[in-house]
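Architecture and fold: a report
Listed below, chain by chain, are the residues.
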Amino acid sequence: MKHLLSAGDLSREQAITILDTATQLAAATAQGVGKLPPLRGRTVVNLFYEDSTRTRISFEAAAKRLSADVINFSAKGSSVSKGESLKDTALTLEAMGADAVVIRHDASGAPHRLANSGWISGGVVNAGDGTHEHPTQALLDAYTLRNHLKNNQGDLDGVKVAIVGDVLHSRVARSNVLLLRTLGAQVRLVAPPTLLPIGVNTWGAEVSYNLDESITDVDAVMMLRVQRERMNAAFFPTAHEYSFRYGLNANRMKTMQDHAIVMHPGPMNRGMEISADVADSARSVIVEQVANGVSVRMAVLYLLLGGTEGI
Amino acid sequence: MTNVVEPGHRNSRVVLDADDMARALTRLAHEVVERTHGATNLTLMGIPTRGADLAARLALKIESIQGSPVPVGALDVTMYRDDLRLRPARALLPTTIPEHGIEGRLVVLVDDVLYSGRTIRSALDALSEHGRPQAVQLAVLVDRGHRELPIRADYVGKNLPTSKSEQVSVHVLERDGIDQVTIEQSS
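Just so you know, these numbers come straight off a predicted model, no measurement behind them.

**Re the sheet that holds strand 3 (residues 72–74) of chain B**
Residues and elements named next belong to chain B. An order of 3-2-4-5-6 is seen for the 5 strands of this open sheet, with the pairing classed as parallel. A single partner strand is all that each edge strand has here, and the edge strands are strand 3 and strand 6 (155–159). Within the sheet, the average angular offset between the axes of one strand and its neighbour, ignoring direction, is 25°. The pairing of strand 2 (residues 42–46) with strand 3 spans 3 bridges and is classified as parallel. Following the sheet pairing, M45 is matched in strand 3 by G73. Together, strand 2, strand 3, strand 4 (106–114) and strand 5 (135–143) form the strand contacts of helix 2 (residues 50–66), whose direction differs from that of strand 2 by roughly 150°. Helix 3 (residues 118–128) contacts strand 2, strand 4 and strand 5 of the sheet and is inclined by roughly 150° relative to strand 4.

Quick look at the structure:
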């Protein structure tokens, strides 16, 4: 594999290889090895057409810890604001010798276009495209689940996960459903009917409209961000009502199994989909998810760029 | 149990059996104790996978001689290899650093087979990321020659003259179900 475009492209073996590699890389970091040598002399371009804090910083930290040279490109303040096309930007990056391009784009499918257009010869990593996919987020979520529930070993067979909230617009949800199912986990999507996409019944995940009934038997609850900018689009009546029906608060958290964890891809709307006391509780692994993101992205970059050709 | 080579397997012969291996490791343990003046400042670092298995055994043997436990760890060298780009990306193996680290310790690297010396060069680089040992020595079960770098072992279980077309395989009980070293013509 040369690119990572969709979580659905990964076989169970490939996914486990990435998670195992991330485990070893996390151990190296924990042992105080700040910099590892395998990508010395390789150039990774972070091509970000959309705002991002943690994903871009996470990819940058990952590439630097593997000794790659990193070029950060954000659409703001670049020739994109003068109207340069993705193609011309890609050709420029190719001319500068990019070995891999990490792309975030507001258009679903942009990473696929970049990888299959012949514009660039290097690998492409999808860092989130439109409402389509965010495969490294799914990998870091799988890593976090495996760390807490499977002692960092093997797949996620038998693990039950509830993904709650704005599934309709969530690339995180799409990638997670694909990857978690590949790894053997059972996924339940919980959302108001207006925030579920057409055809969700074909995803191979259970669907529920009722949060209270959906969290008592799961091993993890993954809350999705509600995008406040969409609140006026009549997906739900008011923020208060959404929070009342689909927000995770302390009372709801009490009904979860003792070992169950709370996840959130960030950025959080505290008080909206997740209450502050839940976000800061002992069950919350939200900060761990960020740390795990660096290890998982290191694993992806190492496996795609570390050898002759990727996994 | 997959890599077990039956004695008499075509093109393969056993050069060390379980008893030979045990004796070689016992001798190595005594040599390490002697050369390190009682192994008081000793830390063993095995190179995964089978070097790490052998390091754990060597530590037990030294403990039985000296009466005090020997810190033992594992050191993955994959990311430090000079041929990383020549092959598809390889899976990483565990690195474990003993409790008190390697700073100021007398570190003995342990590997199963010494061949080109490139693994050991990588190991020296990997080791330096974890601290500055007082000294580094090398123990191997088999030295098969054909060095490509100025590296030699301080402790050798068996010198095994080979041709480059041959393959030397070390099998260990905990991983392969049998203790033996075989040599075969690679196809």
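**Notes on the sheet that holds strand 3 (residues 100–105) of chain A**
Residues and elements named next belong to chain A. Strand order in the open sheet formed by 4 strands is 2-1-3-4, with parallel pairing between adjacent strands. Bordering the open sheet on either side are strand 2 (69–74) and strand 4 (123–129), each of which pairs with just one other strand. Going from strand to strand, the sheet's axes swing by 15° on average, the running direction of each strand aside.

**Observations regarding helix 3 of chain B**
All of the buried residues along helix 3 of chain B are B:T119, B:I120, B:S122, B:A123, B:A126 and B:L127. Down the axis of helix 3 of chain B, the smallest arc covering the buried residues is 155°, so these residues share one side.

**Description of the interface of chain B and chain A**
Opposite the 17 residues of chain B that make contact, chain A presents 20 residues. Of the residues belonging to the side of chain B that touches chain A, the class tally is 10 nonpolar, 2 polar and 5 charged.

**Considerations on the environment of A:F59**
Residues and elements named next belong to chain A. Along the polypeptide, F59 turns up in helix 2 (residues 54–65). For F59, a count of 28 C-beta atoms within 10 Å gives the class buried. With residues up to four places along the chain from it excluded, the contact list for F59 reads N46, V102, A127 and R297.

**A few points about the packing of helix 5 (residues 135–149) of chain A against helix 6 (residues 171–182) of chain A**
All names here are of chain A. Orientation of helix 5 relative to helix 6, taken along the N-to-C sense of each, is 55°, at an axis distance of 8 Å. As far as their axial angle goes, helix 6 and helix 5 are oblique. Helix-helix and strand crossings are classified by hand; for helix 5 and helix 6 the assignment is right-handed. Judged by residue contacts, P135, Q137, A138, L139, D141 and A142 of helix 5 engage V172, S175, N176, L179 and L180 from helix 6. Residues belonging to the contact of helix 5 with helix 6 are distributed by class as follows: 7 nonpolar, 3 polar and 1 charged.

**What to know about the packing of helix 1 (residues 12–30) of chain A against helix 11 (residues 286–305) of chain A**
All names here are of chain A. In the contact formed by helix 1 and helix 11, the axes pass within 8 Å of each other and the chain directions differ by 115°. Two packed elements cross with a definite hand, and for helix 1 against helix 11 that hand is right-handed. Contact residues: helix 1 offers T17, I18, T21, A22, L25, A26 and T29, while helix 11 offers S295, V296, M298, A299, V300, Y302 and L303. For the contact of helix 1 with helix 11, a count of residues per class yields 10 nonpolar, 4 polar and no charged.

Rules and cut-offs
Residues numbered from 1 in each chain as written. Chains lettered and ligands numbered in written order. Predicted model: local features only at pLDDT ≥ 70, side-chain atom pairs only at ≥ 80, totals over all residues. Pairing = 2+ DSSP bridges. Helix = DSSP H or I, 4+ residues; strand = E, 2+ residues; numbered from the N terminus. Axes fitted to C-alpha atoms, helices over the stretch in contact; angles between N-to-C directions. Contact = placed C-beta atoms within 7 Å. Buried ≥ 20, exposed ≤ 12 C-beta atoms within 10 Å, placed from the backbone. Arc of directions from axis to C-beta. Nonpolar A, V, L, I, M, F, W, Y, C, P; charged D, E, K, R; others polar. Parallel < 35°, antiparallel > 145°, perpendicular 65-115°, else oblique. Left-handed = near helix turned anticlockwise from the far one by under 90°.

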